[in-house]
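Chain and residue survey
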Amino acid sequence: MASTKPNIKSVRLDSLSLWLGDDGNIHLTTDDADVKDVGFHTYISNNPGSKRYHPSAFNQLARILRKFGKDVPGWEDPKAEA
């Protein structure tokens, strides 16, 4: 169930799913019934040629996936190299 409070700018969704697709992009979606009609599904790319290229967001989401034991083939954490 989506929720918000008066005088704040954010909306909290009950669930957000993220996964690395076969296309190499990290996909984000929700099955929150309150926003199902919006059809939220987007992706973040680590490919400089993509209109959805966002290396910082990709790295943050990839770290979350790895934290929970999900594979992100071909991705090396820049923070791990520092």
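Residues numbered from 1 in each chain as written. Predicted model: local features only at pLDDT ≥ 70, side-chain atom pairs only at ≥ 80, totals over all residues. Heavy atoms only, no water.

The next subject is the pattern of salt bridges. As enumerated under the stated definition, the model contains 1 salt bridge in all. Residue D77 pairs with R63 through a salt bridge whose shortest N-O separation is 3.0 Å. One end of the pair, D77, is in the loop between α1 (55-67) and α2 (78-81); the other, R63, is in helix α1, with 14 residues separating them in the sequence. Assessed through its relative accessible area of 16%, D77 is described here as buried. (Salt bridge = Lys/Arg side-chain N within 4 Å of Asp/Glu carboxyl O. Helix = DSSP H or I, 4+ residues; strand = E, 2+ residues; numbered from the N terminus. Buried < 20%, exposed > 50% of the residue type's maximum accessible area, 1.4 Å probe, protein only.)

Moving on: the environment of T42. In this structure, T42 sits in strand β3 (residues 41-44). Excluding anything up to four places from it in sequence, T42 contacts I26, H27, L28 and R52. Within the structure, T42 has its side chain in polar contact with the side chain of R52 (distance 2.9 Å). (Contact = heavy atoms within 4.5 Å. Polar contact = N/O pair within 3.5 Å; in protein donor to acceptor, adjacent residues only side chain to side chain.)

So, about the pairing of strand β2 (residues 26-29). Burial along β2 is two-sided: the residues I26 and L28 and H27 and T29 are all buried. Bridge analysis of strand β1 (residues 17-20) against β2 gives 4 bridges, and the strand direction is antiparallel. Its bridge partner lying in β2, L18 is registered against L28. Between β1 and the antiparallel strand that follows it, β2, lie 5 residues; G24 among them carries a positive phi value of about 85 degrees. (Pairing = 2+ DSSP bridges.)

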